[in-house]
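As a plain string of letters, each chain reads:
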Amino acid sequence: MTGWLADTRTSYDTVASSYAGIVRDAVTTQPYLRAALALFAARADGPVVDVGCGPGHFTAHLVSLGVDASGVDLSPSMIELARAAYAGVGFEVGSMTDLPRPDASVAGVLAFWSLIHVPDDAVPGVLGHFHRVLRPGGRLVIGYHVGDSATLKTQGYGGHPMKVHVHRRRPERVGALVRDAGFEIEAEWLLDPDDDVPQAILFARRPPLR
């Protein structure tokens, strides 16, 4: 593993414990994230995978809603924390560039702020894997930072060193990439539009068989 993937894994291995402490309460403190997860859960009619699951808080919340959810993350340290915190939930180390799921095997893919470190030229391949593993009619939910820039993050989450590029993308750009990957967009939410860095959540699906 070389390049941006290796840098991302090393960075999140380094900050794993601090990051987990910061995001642990995200579901309870952020109602729009909670609503998005509830909507995703209500429409999941089979297993789902949380891609870039980090310390597993979103995966575990989906399980609490009755969803057959599992998590995949590039960082072994994140997966170790997830397994320790949420016994009985399935977590494994893996990359979204080669997603470890069979074709058409899941009913949903959650990618909450896990595409933000993926360079532009690699995003179509990642979305292609999401499309591949989803059943026809399966749902995709993506959370991301809104903007027009890519910045190098060298420190974060408790002051630990990192080396990751953070990509901010406009909704029209994300929408175009998702459509080009073969998805139909169902809804788009813009969160905190007056913040310096707004957030967005996109809901899409792999078209059902006609």
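Structural data are supplied above this passage.
Residues numbered from 1 in each chain as written. Predicted model: local features only at pLDDT ≥ 70, side-chain atom pairs only at ≥ 80, totals over all residues. Heavy atoms only, no water.

Chemist: Please clarify how the sheet that holds strand E3 (residues 90-93) should be interpreted in this entry.
Modeler: Each strand in a sheet pairs with another by means of backbone hydrogen bonds, the pair being arranged parallel or else antiparallel. Overall, mixed pairing links the seven strands, which are arranged E3-E2-E1-E4-E5-E9-E8 in an open sheet. Strand pairing shows two members of the sheet lacking a second neighbour, E3 and strand E8 (184-191), which therefore form its edges. On average, each strand axis in the sheet is inclined to that of its neighbour by 15°, with strand direction left out of account. Here E8 pairs with strand E9 (residues 199-205) via seven bridges, running antiparallel. Bridge assignment links Leu191 to a residue of E9, and that residue is Gln199. Where helix H5 (residues 76-85) meets the sheet, it contacts strand E2 (69-73) and E3, and its direction lies at approximately 165° from that of E3. Taken strand by strand, helix H6 (residues 123-133) contacts strand E1 (48-51), strand E4 (106-112) and strand E5 (134-145), and its axis lies near 145° from that of E5. (Pairing = 2+ DSSP bridges. Helix = DSSP H or I, 4+ residues; strand = E, 2+ residues; numbered from the N terminus. Axes fitted to C-alpha atoms, helices over the stretch in contact; angles between N-to-C directions. Contact = heavy atoms within 4.5 Å.)

Chemist: Whenever I open this one, the pairing of E4 confuses me. Can you help?
Modeler: Each regular strand shows side chains that alternate between the opposite faces of the sheet. With seven of seven residues buried, E4 is to be regarded as a mostly interior element. Once you follow E4 into H6 and on to E5, the crossover reads as right-handed. (Buried < 20%, exposed > 50% of the residue type's maximum accessible area, 1.4 Å probe, protein only. Right-handed = clockwise from strand over helix to strand, strands pointing away.)

Chemist: Sorry if this is basic, but what is going on with the packing of helix H1 (residues 3-23) against H5 here?
Modeler: A packed helix pair is summarised by two numbers, namely the angle formed by the two axes and the spacing between the axes. Two elements in contact, H1 and H5, have axes separated by 7 Å at closest approach and are oriented at 30°. Judged on the interaxial angle alone, H5 and H1 are roughly parallel. Together, Arg9, Tyr12, Asp13, Ala16, Ser17, Tyr19 and Ala20 of H1 and Pro76, Ser77, Met78 and Leu81 of H5 make up the contact between the two elements. Tallied by class, residues from the contact of H1 with H5 come to seven nonpolar, two polar and two charged. (Parallel < 35°, antiparallel > 145°, perpendicular 65-115°, else oblique. Nonpolar A, V, L, I, M, F, W, Y, C, P; charged D, E, K, R; others polar.)

Any functional reading would require information beyond the geometric quantities listed.
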